[in-house]
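Notes for the structure review
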Amino acid sequence: MIVRVRADCRRRYRRACDCRVPATVMAPGPPKAIGKGLFSNAFIAMLFVERFTAGRSMNSLVAGLGRQGADISPATLAGTCAQAGTLLAPLEVAITARSRDSWHLHAGETTWRVFAPREGDGPAKWWLWVFIGPDTVCFVMDPARSGAVLARHAGIDEDTGQLTPGGDGPRRLVISSDFCAVYQSAGKKADGLVNLYCWAHVRRHFVRAGDANPARLKYWTQAWLERIRDLYAAHDELMAAWSGAAAPAPREKTAAAARLDEAYTAWDKAIGVMDEARAKQMAAPGLRQPAKKALATLDREWGGLIAHRDYPMISLDNNAAERAIRLPVVTRRNAGGSRNEDSARLAATAWTVTATAQMAGLNVLTYLTAYFDACGRNGGKPPPGPDLERFLPWKASPEDLHAWAQPARPG
């Protein structure tokens, strides 16, 4: 057997002077949010957008990168998301604090699957909550669907059930929601907490009643859908009239006040028609069971449904929360859930930051790239103080908001 040794000889640089300076001088690379990581800040931002804003699963991301010639393991991408998630944590804390100070919240929840929880065997059923304020979208991942989650976020004392006082005295809080017992219980206990229930959910009950017995309830269902449609039209006019009467021109004060009075009259008329119809039909014999069930729901939630009269600036439905939670639901269908508790809470953090940025009209990819660049300039840590507040949409300068609303630069 013959063994051959191959020696590759390459030319090496050799200094020809005795100057006391470094032999080789290199320009520093761009600051990276994850200093020893493989990826640039723009790639990390793209990873978060694809994973949490586009709702792609990790396997889909790995396959997509592989088609472009990047052979990256799922563990590497998951580790990068975890490290970048710690950088987003201060933004989530600031957004959550802002949300807790809101006077009105749209609230909703949906199930979430955690495949390997710390306690118990097999997948665990968790809950993803969303709370939408005037300028914030806050997601909370929790193993419970209990009043404790609402209490922590809304500032409700768990022992007394009352709203914790604010800096200016007693607080008032309006919550738009469905008919979940968590919100109903909080509204019954807490002074100053007002429940506004969703008319879209009520409408859904009447549609289902008609579908259950179309032969006998077709016209009954159509009549109720027309009443709800008339109520929506009256509310739209009330909202417009209230907005016009808030700060009218001096010459238009009388006309604005008259329009507002007419809008309230139309609202009261639409509600009166509904109230009279439900009372007669509940007392009528021979009503079909699906119709009785829909009317019972309407009767049970009537107080929270007609309370919209005092808040014409708030929509009749809770569609804002339903739309906000739709993206996590798409992610749940694609990925099934989260592998462990840490990745589940990371998802809530990412959705809180990205959804709040989207509410402000920002391009999420541009916004996250700018934020990770700031983390890189701070040595791989979240920017402190005013540098962090700069990335809160309600405190950002108009110049930054304009720049972050633009599409990301190619490459």
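Here is a short report on the structure shown in this document. (Residues numbered from 1 in each chain as written. Predicted model: local features only at pLDDT ≥ 70, side-chain atom pairs only at ≥ 80, totals over all residues. Heavy atoms only, no water.)

Quick look at the overall build of the protein now. Scanning the protein from N- to C-terminus turns up 15 helices and five strands. A compact globule built from 411 residues would reach a C-alpha radius of gyration of about 22 Å, whereas the protein, at 28 Å, exceeds it by more than 25%. Counting only C-alpha atoms, the protein reaches 105 × 65 × 45 Å along its principal axes. In the protein, of all internal contacts separated by at least 6 residues, the share reaching a separation of at least 24 is 66%. Here the protein contributes 53 positive and 40 negative side-chain charges, whose respective centroids are spaced 10 Å apart. (Helix = DSSP H or I, 4+ residues; strand = E, 2+ residues; numbered from the N terminus. Rg over C-alpha atoms; globule rule 2.2 N^0.38 Å. Contact = heavy atoms within 4.5 Å. Lys, Arg positive; Asp, Glu negative; His and termini not counted. Charge placed at Lys NZ, Arg CZ, Asp CG, Glu CD.)

The next thing to look at is the pattern of salt bridges. On inspection of all chains with the given rule, the structure shows 16 salt bridges. Between D230 and R229 there is a salt bridge, with the nearest N and O atoms lying 3.7 Å from each other. Exposure remark for D230: the relative accessible area of 40% places this residue in the partly exposed category. A salt bridge links K395 to E389, with the shortest nitrogen-to-oxygen separation between them at 3.6 Å. Here K395 falls in the partly exposed class, since its relative accessible area comes to 47%. Put simply, R118, E341, D342 and R345 are held in one network by salt bridges that share partners. (Salt bridge = Lys/Arg side-chain N within 4 Å of Asp/Glu carboxyl O. Buried < 20%, exposed > 50% of the residue type's maximum accessible area, 1.4 Å probe, protein only.)

There is a patch of nonpolar side chains on the surface, built from W103, W242 and M313 and spanning about 280 Å² of accessible area. Checked against the element boundaries, M313 lands in the loop between α10 (302-306) and α11 (319-335). (Patch = residues over 30% accessible without salt bridge, like charges linked within 9 Å, V, L, I, M, F, W, Y side chains within 5 Å. Areas by Shrake-Rupley, 256 points an atom, 1.4 Å probe, with all protein chains shown as cover.)

Here a ring pair, both rings aromatic, is described through the centre-centre distance and the interplanar angle of the planes. Counting across every chain of the model gives 16 aromatic pairs. Ring geometry for F179 against Y197: centres 5.7 Å apart, planes inclined by 90°, an arrangement best described as edge-to-face. Of this pair, F179 sits in the loop between β4 (173-177) and α5 (181-189) while Y197 sits in strand β5 (residues 193-197); the two residues are 18 residues apart in sequence, bridging distant segments of the chain. Per residue, the accessibility class of F179 equals that of Y197, and both read buried. Among the aromatic side chains, those forming a connected cluster through ring pairs are F48, F52, W112, F139, W351, Y367, Y371, F372, F391 and W404. Positioned over the ring face of F52 is R51, at 5.6 Å from the centre of the ring. (Phe/Tyr/Trp six-rings, centres within 6.5 Å; stacked < 30°, edge-to-face > 60°. Lys NZ or Arg CZ within 6 Å of the ring centre and 35° of its normal.)

Inspection of helix α2 (residues 58-67) places M58, L61, G64 and L65 among the buried residues, and these make up the whole buried set. All buried residues of α2 fall inside an arc of 125° around its axis, so they share one side. The exposed residues of α2 that point more than 90 degrees off its buried face are N59 and R67. Buried residues belonging to α2 abut α1 (41-53) and α3 (74-100). Once α2 finishes, G69 follows within two positions and takes phi at roughly 90°, a positive value. (Arc of directions from axis to C-beta.)

Attention now moves to the side chain of T354. On the secondary structure map, T354 appears in helix α12 (residues 341-359). For T354, a relative accessible area of 3% puts it in the buried group. Excluding residues that lie within four positions of it along the chain, T354 makes contacts with T53, V364 and L368.

Across the five residues of β5, five count as buried, placing the element largely inside the fold. Here β4 runs beside β5; their pairing, made up of five bridges, is parallel. Looking at β5, one finds that I175 is bridged to N195. Note that the unit made of β4, α5 and β5 has a crossover that is right-handed. (Pairing = 2+ DSSP bridges. Right-handed = clockwise from strand over helix to strand, strands pointing away.)

Geometric descriptors of this kind do not, in isolation, establish any biological role.
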